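So you can see what is in the structure, the chains are spelled out below.
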Amino acid sequence: MRKIEVEQGTIDWHNERFGCITGTRIQNAVGAKWDAKKKAWSLGNTKIQDTLMAEILSERMSENEVNDFTSAAMDRGNELEPFAIKAASEETGMEYTTCGMLTNDIEHFKFSPDAIFEQDGVVVGGLETKCPSGKKHIEYVLDGAIPREYFWQVLGPMILSNEVKWWDFCTYDDRNYERPIMVVRCYRDDHIKLIEEAREQIKEFLAHVEDVHMGLSF
C-alpha cells in the first residue's frame, strides 16, 4: 500500500477519486446486503453493483464536475474532525496522523482515511470518525458497536491492504458533557473471510466496469 500526498477536499483530491471505488462506495462495489435473519453480510448483489457501475461509467465518460454541496451536518462534521481525532487519540493512547489518500495495486481502488496509525512507516491501523447528532451519538454509544451504515468504511483499509491489522470507529459529540466519545476497534482477524471475499468482488466488479466501458466506446 502507498500514500498519495494530496490534501483532502482539494481539486487534486477530487480528481484522484474520480471514477474510482472509494470508502463510501465499497459497500455497493462488493454488492453487500445485510441479512437480518442470518445476522450476516451477503456479497455479490448485482443490482447494487449495477447502480454503482452506472455512476462510475458516467464519471469516466464525462468532465469532472465537483459537487461542492454541503449540509449543516456535513459542515459540522468537517469542523469537528480534528477535535474528534485528538479525543480518540487521548481515549486510545494511539498517535494517529492525517493522510490524504491510500491506494494499492488494484487500479481505481482508493481510500481517504480520517487518520492513520503507522509502525515503522507501515500503515497498520487508523480511524474513522463521525460527529452525528446528539441523539444518534447516544444510539451508537448504547449499541457499543460499529454501526452497519459505516461498517464497510471501517473495513475498507483492511480490504485495501493486508498490512492493515485494525481500524477504529469513533463517534464524537462535543456537546455531550458525560460521554462525548466512544471508540470501537475492528480487527482484521475477526473478518478475514469477509475481507478476502470483498477484495475478490472488487476486482471482479472493476474488471466488469472496464469491459462495459470498452463496449460503450466508439
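Here we summarise the structure given alongside this text. (Residues numbered from 1 in each chain as written. Predicted model: local features only at pLDDT ≥ 70, side-chain atom pairs only at ≥ 80, totals over all residues. Heavy atoms only, no water.)

## Looking at the packing of helix α3 (residues 46-60) against helix α7 (residues 192-216)
Following both chains from N to C, one finds α3 and α7 inclined at 50 degrees, their axes separated by 10 Å at the closest point. When the axis of α3 is compared with that of α7, the two are oblique. Between α3 and α7 lies a crossing of right-handed hand. Counted together, Gln-49, Leu-52, Met-53, Ile-56, Leu-57 and Arg-60 of α3 and Gln-201, Phe-205, Leu-206, His-208, Val-209, Glu-210, Val-212, His-213 and Leu-216 of α7 form the full contact between these two elements. Looking at the contact of α3 with α7, its residues break down into nine nonpolar, four polar and two charged. (Axes fitted to C-alpha atoms, helices over the stretch in contact; angles between N-to-C directions. Helix = DSSP H or I, 4+ residues; strand = E, 2+ residues; numbered from the N terminus. Parallel < 35°, antiparallel > 145°, perpendicular 65-115°, else oblique. Left-handed = near helix turned anticlockwise from the far one by under 90°. Contact = heavy atoms within 4.5 Å. Nonpolar A, V, L, I, M, F, W, Y, C, P; charged D, E, K, R; others polar.)

## Regarding unusual backbone geometry
If you check the backbone angles, His-108 has positive phi at about 70 degrees while not being a glycine. Within the fold, His-108 resides in the loop between β4 (101-103) and β5 (110-111). Classification of His-108 as partly exposed rests on a relative accessible area of 23%. Positioned with a positive phi, Asp-120 is a non-glycine residue whose angle comes to about 55 degrees. Assignment of secondary structure puts Asp-120 in the loop between β6 (115-119) and β7 (122-130). (Buried < 20%, exposed > 50% of the residue type's maximum accessible area, 1.4 Å probe, protein only.)

## Remarks on the sheet that holds β4
Here three strands make up an open sheet; going across it, the order is β1-β4-β5 and the pairing antiparallel. Looking at strand neighbours, the two that pair on one side only are β1 (2-4) and β5, the edges of this open sheet. Alignment of β4 against β5, held across two bridges, turns out to be antiparallel. The residue bridging Thr-103 from the neighbouring strand is Lys-110, located in β5. (Pairing = 2+ DSSP bridges.)

## Notes on the pairing of strand β8 (residues 166-172)
Extensive coverage of β8 is indicated by the burial of seven of its seven residues. The pairing of β7 with β8 spans four bridges and is parallel. Each bridged residue has a counterpart across the sheet, and for Thr-129 the counterpart in β8 is Cys-170. Bridge count between β8 and strand β9 (residues 181-187): seven bridges; the pairing is antiparallel. For Tyr-172, the partnering residue across the bridge sits in β9 and is Ile-181.

## A closer look at the environment of Ile-146
Relative to the elements of secondary structure, Ile-146 occurs in the loop between α5 (134-143) and α6 (148-160). Between the C-alpha atom of Ile-146 and that of Tyr-187, which follows or precedes it by 41 residues, the distance is 12 Å. For Ile-146, the contacting residues outside a window of four places in its chain are Phe-151, Val-154, Phe-169, Val-184 and Cys-186.

## Some remarks on the pattern of salt bridges
Overall, the coordinates contain 12 salt bridges when judged by the stated rule. Where Glu-118 meets Lys-3, a salt bridge forms, and the shortest distance between an N and an O atom there is 3.2 Å. Of this pair, Glu-118 sits in strand β6 while Lys-3 sits in strand β1, and the two are 115 residues apart along the sequence. Each of Arg-25, Glu-55 and Glu-59 takes part in salt bridges that share partners, so that together they form one network. (Salt bridge = Lys/Arg side-chain N within 4 Å of Asp/Glu carboxyl O.)

## Let's talk about the pairing of β6
Regular strands place their side chains on alternate faces of the sheet. Summarising the sheet, β6 and β7 pair through five bridges and their orientation is antiparallel. Directly across from Phe-117, in β7, lies its bridge partner Gly-125. Where β6 folds back on β7, the antiparallel hairpin that results is connected by two residues, among which Asp-120 adopts a positive phi of roughly 55 degrees.

## Quick word on the sheet that holds β6
One open sheet holds the four strands; their spatial order is β6-β7-β8-β9, and the pairing between them is mixed. The sheet is open, and its two borders are formed by β6 and β9, each paired with just one other strand. Averaged over all pairs of adjacent strands, the angle between their axes in this sheet comes to 20 degrees, without regard to strand direction. Against the sheet, α6 touches β7, β8 and β9, its axis set at about 145 degrees to β8.

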